[in-house]
Amino acid sequence: MPIFFQQQINPGTRLGIWKIEETETFFRDSVPVHRDVTHPHKRLQHLAGRFLLQFLFPAFPYEMIQLADTRKPFLPSEQFHFSISHCGDYAAAIVSRETRAGIDVEIPIGKIARIREKFLSPEEIEQFGVGAGHPENLRLLTTLWSAKEAVYKWYGEGKVDFSEQIRLQGIDEEQRIIRCFFTKTNSSLRIHYGSFDNLVLAWVIDEAITG
Ligand SMILES: CC(C)(COP(=O)(O)OP(=O)(O)OC[C@H]1O[C@@H](n2cnc3c(N)ncnc32)[C@H](O)[C@@H]1OP(=O)(O)O)[C@@H](O)C(=O)NCCC(=O)NCCS
């Protein structure tokens, strides 16, 4: 299947989600350079993520990708900033000529409720109504997790205390935005989120925030 979801975020920034229904050969034909991954499905996910980079921007130079110590892939020239995520049969990527970016896709599963205290502060659990005393809202919990993963990737330098340093401040369900303050860089961020049948998406870029 071709692209599952695509969005032109601003003139220089594009996002895509691919539903993987192809075999490895399909992606290998287009992706000349990639990391060796032992597990076959993980390798397929990895290839699909890389494939999306040039799908979104045909000029994307695969051969220039390098891996930081944190395992974040990047282009030293900063010709493009990009971020990749995969989950199940989906791969997602955001590519930008202008701004740093972070993306995450997740399939809601029960495990997230068991680890909520690891990534959410007591204030966030209270504010978003996702404590053990509330009816289980796996989709919301997964969205909050995905939002923090997207910030972690946008930051890209590793070592982040999710519950202490990524502070989610509120959710605007109409605009599909979670307001966030990231203490490591003193940044106010707007984390955009989306929801598909069995998939949750979150992404963040540098953007001017007013009001
Ligand atoms: C690196 C990490 C973000 C990957 O997330 P994941 O859900 O396992 O996997 P995803 O498919 O969403 O993302 C994988 C992609 O992220 C990218 N990536 C890897 N490390 C990265 C980093 N440090 N920064 C930005 N992007 C990174 C890569 O593109 C990778 O895909 P690829 O190897 O095929 O190119 C995650 O493993 C991680 O370390 N999270 C933080 C953990 C943490 O501190 N938790 C504490 C809270 S409880």
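Note that the coordinates shown come from a computational prediction; the quantities given were computed from them, not determined experimentally.

So, how was this worked out
- Residues numbered from 1 in each chain as written.
- Predicted model: local features only at pLDDT ≥ 70, side-chain atom pairs only at ≥ 80, totals over all residues.
- Heavy atoms only, no water.
- Helix = DSSP H or I, 4+ residues; strand = E, 2+ residues; numbered from the N terminus.
- Contact = heavy atoms within 4.5 Å.
- Polar contact = N/O pair within 3.5 Å; in protein donor to acceptor, adjacent residues only side chain to side chain.
- Buried < 20%, exposed > 50% of the residue type's maximum accessible area, 1.4 Å probe, protein only.
- Pairing = 2+ DSSP bridges.
- Axes fitted to C-alpha atoms, helices over the stretch in contact; angles between N-to-C directions.
- Near = heavy atom within 4 Å.
- Areas by Shrake-Rupley, 256 points an atom, 1.4 Å probe, with all protein chains shown as cover.
- Nonpolar A, V, L, I, M, F, W, Y, C, P; charged D, E, K, R; others polar.
- Expected span 1.5 Å × (residues − 1).
- Core = buried A, V, L, I, M, F, W, Y, C linked by side-chain atoms within 4.5 Å.
- Phe/Tyr/Trp six-rings, centres within 6.5 Å; stacked < 30°, edge-to-face > 60°.

A few words on the environment of Arg43. Relative to the helices and strands, Arg43 is located in helix 2 (residues 40-56). Not counting chain neighbours up to four residues away, the residues in contact with Arg43 comprise Glu24, Arg28, Val37 and Thr38. Within polar-contact distance, the side chain of Arg43 engages the side chain of Glu24 at 3.0 Å.

Attention shifts here to unusual backbone geometry. Unusually for a residue other than glycine, Lys159 sits at a positive phi of about 40°. Counting through the fold element by element, Lys159 comes out in the loop between helix 6 (138-155) and helix 7 (162-165). Note on Lys159: relative accessible area 74%, which makes it exposed. The backbone phi angle of Asn186 is positive, close to 50°, even though this residue is not glycine. Assignment of secondary structure puts Asn186 in the loop between strand 9 (177-182) and strand 10 (187-196).

A separate point is the sheet that holds strand 1 (residues 3-10). Taken together, four strands build an open sheet; the order of strands is 1-2-6-5 and the sheet is antiparallel. The sheet is open, and its two borders are formed by strand 1 and strand 5 (81-87), each paired with just one other strand. The sheet shows a mean angle of 10° between the axes of neighbouring strands, taken without regard to direction. On top of the sheet, helix 2 reaches strand 1, strand 2 (13-19), strand 5 and strand 6 (90-96); it is set at about 35° to strand 6, its chief contact.

Near the ligand, the surroundings consist of 19 residues, among which His46, Arg50, Ser85, His86 and Lys153 are the closest. The backbone of His86 places a nitrogen or oxygen atom 2.8 Å from an oxygen atom of the ligand. Coverage of the ligand by the protein amounts to 73% of the 930 Å² it exposes when considered alone. Those elements that place two or more of their residues in the shell around the ligand are helix 2, strand 5, strand 7 (101-106) and helix 6. Its residues assigned to classes, the shell around the ligand shows five nonpolar, five polar and nine charged.

Between its terminal C-alpha atoms helix 6 stretches 26 Å, which fits the 26 Å expected from 18 residues at 1.5 Å a residue. Helix 6 sits mainly inside the fold: 14 of its 18 residues count as buried. Directly after helix 6, the chain includes Gly156, whose backbone phi takes a positive value near 80°.

Let's shift gears to the nonpolar core. Core analysis: the biggest nonpolar cluster contains 28 residues, and Leu144, Val151 and Leu168 have the highest contact counts within it. Of all the secondary structure elements, the ones that give two or more residues to this core are helix 3 (111-114), helix 6, strand 8 (166-172), strand 9, strand 10 and strand 11 (199-205). The element contributing the most residues to this core is helix 6, with nine residues. When near neighbours in sequence (up to four residues on either side) are disregarded, Val151 contacts Ile166, Cys180, Phe182, Leu189, Ile191 and Val204. If you look at the next biggest cluster of nonpolar residues, it comprises 22 residues, including Ile20, Val31, Leu53 and Phe80.

Time to look at the packing of aromatic side chains. A complete count under the given rule lists 20 aromatic pairs for this structure. Taking the centre distance of 5.1 Å and the plane angle of 70° together, the rings of Phe119 and Trp145 count as edge-to-face. Highlighted residues: Phe119 in helix 4 (residues 116-119) and Trp145 in helix 6, separated in sequence by 26 residues. Take Phe119 and Trp145: they sit in the same class, and that class is buried. Each ring, one from Tyr155 and one from Phe182, has its centre 5.1 Å from the other, and the planes form 65°; the classification is edge-to-face. On the criterion of sequence distance, the pair formed by Tyr155 in helix 6 and Phe182 in strand 9 is long-range, its members being 27 residues apart.

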